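Structure at a glance
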Amino acid sequence: MKQIEAIIRKSKFDDVKKALHQIEVNFFSYWDVTGVGNEKQGHVYRGISYSTSDIQRRYLSIVVSDEFAQRTIDTILEVAYTGNVGDGKIFVSEILEAYRIRTKENGQSGIN
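In this text, all values refer to a predicted model and were calculated from it rather than measured experimentally.

Notes on the confidence of the model for the protein chain
The predicted coordinates of low-pLDDT regions are not to be read in fine detail. Averaged over all residues, the pLDDT of the protein chain is 88; the fraction at 70 or higher stands at 84%. Put simply, strand E4 (residues 48-50) is where the protein chain has its lowest mean pLDDT, 62, and helix H1 (residues 13-22) is where it has its highest, 98.

Description of the nonpolar core
Core analysis: the largest hydrophobic core is formed by 18 residues, its most contacted members being Ile4, Ile8, Val16, Leu20, Leu60, Ile62 and Ile76. Counting residues per element, the ones that place at least two in this core are strand E1 (2-9), H1, strand E5 (54-64) and helix H2 (66-80). If one sorts the elements of this core by residue count, H2 sits on top with five residues. Excluding its chain neighbours within four sequence positions, the residues that come into contact with Leu60 are Ile4, Glu5, Ala6, Ile8, Phe13, Val16, Leu20, Phe28, Ser29 and Tyr30.

Focus: the side chain of Thr75
Mapped onto the secondary structure, Thr75 falls in helix H2. Residue classification places Thr75 among the buried positions, given a relative accessible area of 13%. Those residues in contact with Thr75, other than ones at most four positions away along the chain, are Ala19, Leu20 and Ile23.

Focus: the layout of surface pockets
In this structure, the largest pocket encloses a volume near 410 Å³. Lining the largest pocket are 18 residues, and of these Phe27, Val63, Gly110, Ile111 and Asn112 sit closest to its centre. If you tally residues by element for the lining of the largest pocket, the top one is E5, at four residues. Of the residues contributing to the lining of the largest pocket, the split by class is ten nonpolar, six polar and two charged.

Digging into the packing of H1 against H2
The contact between H1 and H2 brings their axes to 9 Å, and the two run at 145 degrees. Here H1 and H2 pass one another in a crossing that is right-handed. Within the contact between the two elements, H1 uses Asp15, Val16, Ala19 and Leu20 and H2 uses Thr72, Thr75, Ile76, Val79 and Ala80. Grouping the amino acids of the contact of H1 with H2 by side-chain chemistry returns six nonpolar, two polar and one charged.

Thresholds applied
- Residues numbered from 1 in each chain as written.
- Predicted model: local features only at pLDDT ≥ 70, side-chain atom pairs only at ≥ 80, totals over all residues.
- Heavy atoms only, no water.
- pLDDT = per-residue confidence, 0-100.
- Helix = DSSP H or I, 4+ residues; strand = E, 2+ residues; numbered from the N terminus.
- Core = buried A, V, L, I, M, F, W, Y, C linked by side-chain atoms within 4.5 Å.
- Buried < 20%, exposed > 50% of the residue type's maximum accessible area, 1.4 Å probe, protein only.
- Contact = heavy atoms within 4.5 Å.
- 1 Å grid on protein atoms, 1.4 Å probe; cavity = no way out; pocket = protein on both sides within 12 Å on 5 of 7 lines; lining within 4 Å.
- Points joined across faces, edges and corners; volume = space filled by probe spheres on them.
- Nonpolar A, V, L, I, M, F, W, Y, C, P; charged D, E, K, R; others polar.
- Axes fitted to C-alpha atoms, helices over the stretch in contact; angles between N-to-C directions.
- Left-handed = near helix turned anticlockwise from the far one by under 90°.

Following this line, the structure appears as structure tokens:
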């Protein structure tokens with residue numbers, strides 16, 4: 001099993017969520033987060049300068065079987081992409097065990 005953590009633009013969240021459901025990734029957690037990125041210059045909108053050093057993003061935590069991992073990563077990469085600075089990051093970790101509390105199932109059946 002793999003844990004896929006993705007930090008994406010908030011504006012791309014609904015598209016990513018819909019695409020994940022289409023590939024049958026139906027459970028994941030998410031949080032609104034603020035991070036500090038590499039972009040140092042601010043943006044000017046209607047004559048007012050805005051700092052971009054603190055960036056509002058959405059953080060997704062997804063646990064999937066090994067078979068679904070690459071499909072999940074590819075979906076996020078495709079749908080969250082804008083080609084601009086700040087598109088986000090994906091991190092992949094190994095999950096040793098998973099349990100469903102209600103049924104006490106573990107392993108693969110614990111996440112499906």
